[in-house]
Amino acid sequence: MNRELSAVFEQIADLMEIQGADPFRINSYRRVARSLKDLAGDVTQMCREGRLTEIAGVGKGQAERIKQYLETGKITVHEELKAQVPAGLPALLGIPGMGPKKVALAWKQLGVENVDDLKAAIESGQLAALPGMGTQSVKKIAAGLAFLEKSSGRTPLGVAWPVAHDVADRILKLPGVKRVEVAGSLRRGKETVGDVDLLCECARGKKTVEAFTQFDVVRSVLASGATKGSVTVEVPGGGELQVDLRVVPAASFGAALQYFTGSKEHNVRLRELAIKKKWKLNEYGLFDGDTQIAGKTEKSIYAKLKAPFVGPELREDRGEFDADAAARSADLVTLEDIRGDLHMHTVASDGRCTIEEMARAAKEMGYQYIGICEHSKSSAIANGLSIERMEQHIRDIREADKRMKGLKVLVGTEVDILSSGKLDYPDDLLAECDLVVASIHSGLSQDRKKVTARTLAAMENPYVTMIGHPSGRLLGKREPMDVDWGAIIAKAAETGTMLELNASWQRLDVKDVHARQAVEAGVMLCICTDAHHYDQLGQMVYGVMTARRGWAGKDLVLNTRSCAQLGKLLRRKRS
DNA sequence: GCCGTTTTCGGCCCGACTGTTTTCAGTCG
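Residues numbered from 1 in each chain as written. Chains lettered and ligands numbered in written order. Predicted model: local features only at pLDDT ≥ 70, side-chain atom pairs only at ≥ 80, totals over all residues. Heavy atoms only, no water.

1. Concerning the overall build of chain A
- Across its full length, chain A holds 24 helices and 17 strands.
- The C-alpha radius of gyration computed for chain A amounts to 26 Å, which stays within 12% of the reference 25 Å derived for 575 residues, consistent with globular compactness.
- Its C-alpha atoms put chain A at 75 × 65 × 50 Å along the principal axes.
- Here chain A holds 575 residues, and 53% of them are scored as buried.
- In chain A, of all internal contacts separated by at least 6 residues, the share reaching a separation of at least 24 is 68%.
- Summed over its atoms, the accessible surface of chain A is roughly 25400 Å², and 51% of this surface lies on carbon and sulfur atoms.
- Each charge class in chain A can be summarised by its mean position, and for the 81 positive and 76 negative side chains these summaries are 4 Å apart. (Helix = DSSP H or I, 4+ residues; strand = E, 2+ residues; numbered from the N terminus. Rg over C-alpha atoms; globule rule 2.2 N^0.38 Å. Buried < 20%, exposed > 50% of the residue type's maximum accessible area, 1.4 Å probe, protein only. Contact = heavy atoms within 4.5 Å. Areas by Shrake-Rupley, 256 points an atom, 1.4 Å probe, with all protein chains shown as cover. Lys, Arg positive; Asp, Glu negative; His and termini not counted. Charge placed at Lys NZ, Arg CZ, Asp CG, Glu CD.)

Have a look at this one:
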């Protein structure tokens with residue numbers, strides 16, 4: 001319901017914008033849409049408890065609208081807007097080059113009501129003939145349309161990350177380049193990114209930008225100037241990704257890094273702090289009149305503004321300006337804290353490497369331990385292990401562990417939580433494992449009550465260490481299960497069950513806001529890659545960034561612990 | 001339409017770029 005309602009508010013804002021309503025009023029609807037999307041609790045529940053105005057940006061009026069939607073499925077202002085503005089128009093706002101003014105212009109002058117109408121207006125030349133339009137504007141819109149069709153919007157973190165770092169490395173090798181940094185939502189570790197923002201400090205800006213636009217990965221050049229270049233590059237698996245490069249002077253590097261890292265909402269708050277002190281903050285620095293008083297580093301800006309300095313992952317205007325934020329930020333889990341990976345598969349089920357291959361790769365990464373967790377018998381598609389095969393596999397892992405020096409190989413299992421809520425293996429088999437990940441792989445579309453009850457039942461089992469990928473989502477492919485997060489997190493806290501933070505970029509499950517909710521309840525997380533090949537062990541970085549977005553301190557992340565502490569924590573629930 | 005360590009009205013972030021203008025509007029991040 002949170003997301004459904006968020007989409008309604010977003011649409012109201014879009015429709016109002018096309019109508020040319022007061023921008024501040026429009027923004028207030030967008031604010032509510034964003035709050036609802038990020039909301040950890042359930043909006044229906046909050047409404048029942050009369051706590052709607054606790055949501056950021058929700059006052060008396062918006063609370064009334066939310067209530068109206070929950071009760072009737074409609075909001076008066078939404079219905080009125082829909083009657084006035086064609087339903088296909090908000091989609092046009094997503095086209096690069098099309099803003100509210102141009103959408104309204106095309107609609108009122110040419111009757112353009114959807115993407116197809118727009119295409120026709122471009123081809124007939126009518127769009128270019130409109131006042132304020134021209135051949136260049138239309139060219140941009142046409143290119144925007146083509147880009148959207150190819151890229152289908154946002155790119156997953158795990159797809160954009162290697163591409164961005166590859167391009168950044170190439171820039172760093174260019175002559176005269178001193179420094180290159182990744183900024184934007186990628187630096188914040190968002191699960192999907194719209195584009196890639198790179199900053200560089202260099203001697204010759206124009207030459208650097210030119211060379212950047214000529215890399216062989218570049219598909220098309222959108223802009224190329226002395227301080228900014230913009231290109232699209234091909235991404236593995238098809239589609240394109242926009243990469244922007246900005247050349248920044250050393251004295252402003254921190255200000256630019258801060259500015260281009262965002263988020264927009266975080267930056268607004270920061271700039272408001274500057275204004276209160278009669279200063280001005282922009283991408284060139286913090287200024288008192290014409291004098292730059294900070295900007296060489298990010299930290300200098302936060303320090304001057306007396307704002308808590310927090311890591312990029314926290315900059316979402318979700319409480320990072322509170323007094324304790326800086327301290328909490330400093331304690332958050334980092335990639336260097338990770339000492340092992342407790343959920344991975346081998347050829348025994350549906351992995352592609354042997355126990356030894358996985359173990360060797362983990363040891364090379366500097367890990368102290370790993371956990372091998374194969375699928376259980378009901379996951380037939382994934383070559384799940386029968387009880388007999390599992391017993392043999394346990395012996396194989398114990399043998400491999402003896403042979404491995406300097407790395408502990410733990411016996412685990414990823415046991416299915418069946419449709420009934422029962423586990424796929426008997427307790428005596430689970431008891432032989434060092435850890436048990438219980439996951440739902442079937443019946444994902446059951447109703448909220450059922451899927452929640454299954455997960456709760458699994459947590460009651462003393463051998464279940466953690467719930468694997470608790471929502472079951474696959475980014476861009478499969479919606480999450482409709483689980484009651486409040487109930488799951490409460491049960492996890494009560495039973496001492498942990499939640500997996502599956503680091504695979506297709507999953508990132510639990511996601512950031514639910515990780516945050518778990519952390520606030522004191523529930524331990526375990527960041528696991530669920531690797532099916534040793535080259536997937538590196539995806540840990542995505543899980544760590546997501547955990548940081550959930551404000552997870554290292555003390556609440558199981559796999560930051562030493563081998564000895566790990567053993568204790570794994571046995572804790574059984575005793 | 002929300003919101004409050006210069007409060008219940010009057011603010012609400014800032015600059016670059018682009019194209020279509022002849023002083024600026026629209027879009028973007």
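Additional details are given in the paragraphs that follow.
2. Some words on the domain arrangement of chain A
- In terms of domains, chain A is made up of domain 1 (2-150), domain 2 (155-247), domain 3 (253-330) and domain 4 (335-572).
- Relative placement of domain 1 and domain 4: their C-alpha centres are 40 Å apart.
- Domain 1 puts four residues into the contact, and the matching count from domain 4 is five residues.
- Here domain 1 meets domain 4 over a buried area of about 380 Å², counting both sides, of which 42% is carbon and sulfur.
- Together, Arg3, Asp38 and Ala40 form the three largest contributors to the area buried by domain 1 at its contact with domain 4, with a combined 76%.
- Between the two partners, domain 1 and domain 4, sit zero salt bridges.
- Residue composition of the side of domain 1 that touches domain 4, by class: one nonpolar, no polar and three charged. (Domains from an automatic or database assignment. Buried area = accessible area lost by both parts, 1.4 Å probe. Salt bridge = Lys/Arg side-chain N within 4 Å of Asp/Glu carboxyl O. Nonpolar A, V, L, I, M, F, W, Y, C, P; charged D, E, K, R; others polar.)

3. Here we look at the nonpolar core
- In this structure, Leu342, Val409, Leu499, Leu525, Ile527 and Leu558 are the most contacted members of the largest nonpolar core, which totals 77 residues.
- With five residues, helix α17 (residues 355-364) is the single largest residue contributor to this core.
- Among the nonpolar cores identified, the runner-up in size contains 46 residues, and Val8, Ala13, Tyr29 and Val138 belong to it. (Core = buried A, V, L, I, M, F, W, Y, C linked by side-chain atoms within 4.5 Å.)

4. Focus: the sheet that holds strand β8 (residues 280-282)
- Strand order in this open sheet of three strands is β8-β9-β10, and the pairing throughout is antiparallel. Two strands lie at the open edges of the sheet, namely β8 and β10 (291-294), each paired on one side alone. In this sheet, adjacent strand axes meet at a mean angle of 40 degrees when their direction is disregarded.
- In this sheet, β10 lies alongside strand β9 (residues 285-288) in antiparallel orientation, the contact comprising three bridges. (Pairing = 2+ DSSP bridges. Axes fitted to C-alpha atoms, helices over the stretch in contact; angles between N-to-C directions.)

5. Structural notes on the sheet that holds strand β14 (residues 435-439)
- Spatial ordering of the open sheet is given by β11-β12-β13-β14-β15-β16-β17, a layout of seven strands whose pairing is parallel. The open sheet is flanked by β11 (340-344) and β17 (525-528), the only strands paired with a single partner.
- Pairing analysis gives seven bridges linking strand β12 (residues 369-375) to strand β13 (residues 408-416), with the strands arranged parallel. Its bridge partner being in β13, Gly371 is matched across the sheet by Leu410.
- Of the strands in this sheet, β11, β16 (498-502) and β17 are in contact with helix α23 (residues 540-549), which crosses β17 at around 150 degrees.

6. What about the packing of aromatic side chains?
- All chains considered together, the criterion is met by five aromatic pairs.
- Seen in terms of ring centroids, Tyr259 and Phe260 are 4.9 Å apart; in terms of plane orientation they differ by 85 degrees. Their pairing is edge-to-face.
- Arg170 extends its terminal NZ or CZ atom over the ring of Phe215, reaching a point 5.8 Å from the ring centre.
- Just above the ring of Trp551 sits the side chain of Arg516; from NZ or CZ to the centre is 4.1 Å. (Phe/Tyr/Trp six-rings, centres within 6.5 Å; stacked < 30°, edge-to-face > 60°. Lys NZ or Arg CZ within 6 Å of the ring centre and 35° of its normal.)

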